[in-house]
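# Topology and contacts: notes
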2 protein chains.
Amino acid sequence: MMMDQSCPGKVEPILEILDGKWMLILLFELFNGNKRFGELRRKLHPISPKTLTDRLRLLEEKGIVTRTIYPGVPLHVEYDLTESGRGLQPIFEAMWTWTQSYGAYLRNETNEGEEAGKVM
Amino acid sequence: MMMDQSCPGKVEPILEILDGKWMLILLFELFNGNKRFGELRRKLHPISPKTLTDRLRLLEEKGIVTRTIYPGVPLHVEYDLTESGRGLQPIFEAMWTWTQSYGAYLRNETNEGEEAGKVM
DNA sequence: CTGGATCCACTACGATACTG
DNA sequence: CAGTATCGTAGTGGATCCAG
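Our subject in this report is the structure included herewith. Residue numbers here run from 1 along each chain, matching the order of that chain's written sequence. Here the convention is simple: chains get letters from A, ligands get numbers from 1, in the order in which they are written. In view of the model being predicted, local features appear only for residues whose pLDDT reaches at least 70, and side-chain atom pairs are presented and counted only at 80 or more, with totals across whole chains, interfaces and linings using the full set of residues. Excluded from the side-chain calculations are hydrogens and water; all other atoms, namely the structure's heavy atoms, are used.

As a further point, take unusual backbone geometry. For the bond running from V73 of chain A to P74 of chain A, omega is 0°, close enough to zero to count as cis. Mapped onto the elements of the fold, P74 of chain A is located in the loop between β2 (65-70) and β3 (76-81). Only runs of H or I of at least four residues qualify as helices and only runs of E of at least two qualify as strands under DSSP, and these elements are numbered from the N terminus.

Structural data, given as structure tokens:
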């Protein structure tokens with residue numbers, strides 16, 4: 001593992017993908033299989049359609065997801081991870097491991113507090 | 001490795017730490033040993049003192065770094081990683097691995113183009 | 001040397017309404 | 001169903017100057 005001084009600059013672009021209010025949970029949903037727009041919208045409720053579109057388009061640009069259109073009425077569009085997208089999973093796992101070891105009290109920031117006895 | 005539906009919410013708080021324009025490179029500098037304010041300021045040039053202070057304070061709150069003051073004139077303050085902070089390294093390594101495999105063309109976004117042969 | 005104080009700009013994100 | 005168009009907001013990082 002080469003971790004020299006130029007790493008931060010090289011690694012930083014990943015944050016465009018992992019960053020922001022919805023990206024993590026969005027990617028997580030996609031890890032569990034391809035999904036349609038409305039499906040994602042329900043899972044990420046109360047995300048706005050504009051924001052969901054923005055995030056999805058960014059992921060598409062970055063080669064993380066594919067967008068497949070099945071013509072017909074009603075319209076049918078599927079979002080799926082590319083191989084590159086699936087390759088992000090080890091990063092999630094590393095984050096998850098860290099969270100379990102050290103992240104206990106960080107919860108109070110983004111979660112609003114009603115997660116006390118939740119299932120995990 | 002348990003990765004169920006509530007993981008994203010649990011993992012998300014890490015992004016407060018990894019997130020933002022300077023956090024990655026800041027943490028990276030700290031991985032290479034404790035540093036003083038001015039030292040970090042030079043390494044992260046052209047970061048503003050306000051922003052550097054903000055980032056450092058956040059990391060302190062989260063238990064990622066310690067701030068040690070050595071009284072005297074001129075003032076001497078050292079920033080160092082806690083064990084929790086050092087525990088972030090596997091996440092960096094996972095990101096680094098991903099970058100090398102899939103992230104080749106992502107570079108053009110955050111780097112403005114004049115970084116070609118830069119040492120950093 | 002190590003910041004605090006102020007002011008400002010940008011942009012992610014949201015609400016809502018509308019369309020092929 | 002799957003978005004687009006518009007408008008609005010709030011938080012975050014930056015510039016600059018000042019202070020213990």
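More follows now that the structure is in view.
With that settled, consider the packing of aromatic side chains. Residues and elements named next belong to chain A. Here a Phe, Tyr or Trp ring, Trp counted by its six-membered ring, pairs with any other such ring whose centre lies within 6.5 Å, and the pair is stacked when the planes are under 30 degrees apart, edge-to-face when over 60, and tilted otherwise. In this structure the tally under the stated criterion is 5 aromatic pairs over all chains. Here F28 and F31 contribute two aromatic rings whose centre-to-centre distance is 6.5 Å and whose plane-to-plane angle is 75°, an arrangement assigned as edge-to-face. Residue F28 and its partner F31 are both found in helix α3 (residues 23-31); the two are separated by 3 residues, about one turn of the helix. When sorted by exposure, F28 lands in the same class as F31, which is buried. With a centroid separation of 5.8 Å and an interplanar angle of 45°, the aromatic rings of W98 and Y102 are classed as tilted. With W98 and Y102 both in helix α7 (residues 89-102) and 4 residues apart, the pair spans about one turn of that helix. The rule is simple: take the accessible area with a 1.4 Å probe, protein chains only, and divide by the maximum for that residue type; under 20% is buried, over 50% is exposed, in between is partly exposed. The exposure class assigned to Y102 is partly exposed, which follows from its relative accessible area of 28%. Every member of this aromatic cluster is reached through a ring pair, and the members are F28, F31 and F92.

Once that is clear, we can look at the protein's contact with DNA strand D. We call a residue near a given molecule or strand whenever any one of its heavy atoms falls within 4 Å of it. Around DNA strand D, a shell composed of 20 residues is seen, among which T53, R67 and Y79 of chain A together with W22 and R55 of chain B lie nearest. In the interface set of DNA strand D, defined as its atoms within 4 Å of the protein, sugar plus phosphate atoms amount to 75%. A distance of 3.1 Å separates a sugar or linking oxygen of DNA strand D from a polar atom in the backbone of L75 of chain A. One nitrogen or oxygen atom from the side chain of K50 of chain B is found 3.4 Å from a base oxygen belonging to DNA strand D. Taken together, the residues that form the surface near DNA strand D break down as 8 nonpolar, 5 polar and 7 charged. Pairing of N or O atoms within 3.5 Å defines a polar contact, subject to two protein rules: one partner must be a possible hydrogen donor and the other a possible acceptor, and residues neighboring in sequence count only if both atoms are side-chain atoms. Basically, the charged four are Asp, Glu, Lys and Arg, the nonpolar ten are Ala, Val, Leu, Ile, Met, Phe, Trp, Tyr, Cys and Pro, and anything else, Gly included, counts as polar.

Another point: the pairing of β3 of chain A. Residue and element names in this part refer to chain A. Pairing between strands is defined by DSSP: at least two bridges between them are needed. Taken together, the 2 bridges between strand β1 (residues 35-36) and β3 define a ladder with antiparallel strand orientation. For K35, the partnering residue across the bridge sits in β3 and is Y79. Sheet topology places β2 next to β3; 6 bridges connect them, and they run antiparallel. Along β3, the bridge assignment pairs V65 with L81.

As used in this record, nonpolar core signifies buried Ala, Val, Leu, Ile, Met, Phe, Trp, Tyr and Cys residues forming a set joined through side-chain atoms within 4.5 Å. With 67 residues, the main nonpolar core has M95 of chain A together with M95 of chain B as its most contacted residues. When residues of this core are assigned to their parent elements, the largest contribution, 8 residues, is made by helix α3 (residues 23-31) of chain B. Contact between two residues is taken to exist if any of their heavy atoms lie within 4.5 Å; hydrogens are not considered. If sequence neighbours within four positions are ignored, M95 of chain B has contacts with V11, I14, L15, L18, I91 and M95 of chain A together with L18 of chain B.

Glancing now at the sheet that holds strand β2 (residues 65-70) of chain B. Residues and elements named next belong to chain B. The 3 strands lie next to each other as β1-β3-β2, forming an open sheet whose pairing is antiparallel. The strands lining the two open edges of the sheet, one partner per strand, are β1 (35-36) and β2. Packed on one face of the sheet, α3 meets β1, β2 and β3 (76-81) and runs near 95° to β3. Strands β2 and β3 of the sheet are contacted by helix α5 (residues 49-61), whose axis makes an angle of about 115° with β2. Interaxial angles span 0 to 180 degrees and are taken between N-to-C directions of axes, which are lines fitted to C-alpha atoms, for helices over the stretch in contact.

Keep in mind that these numbers describe shape and distance, not what the molecule does.
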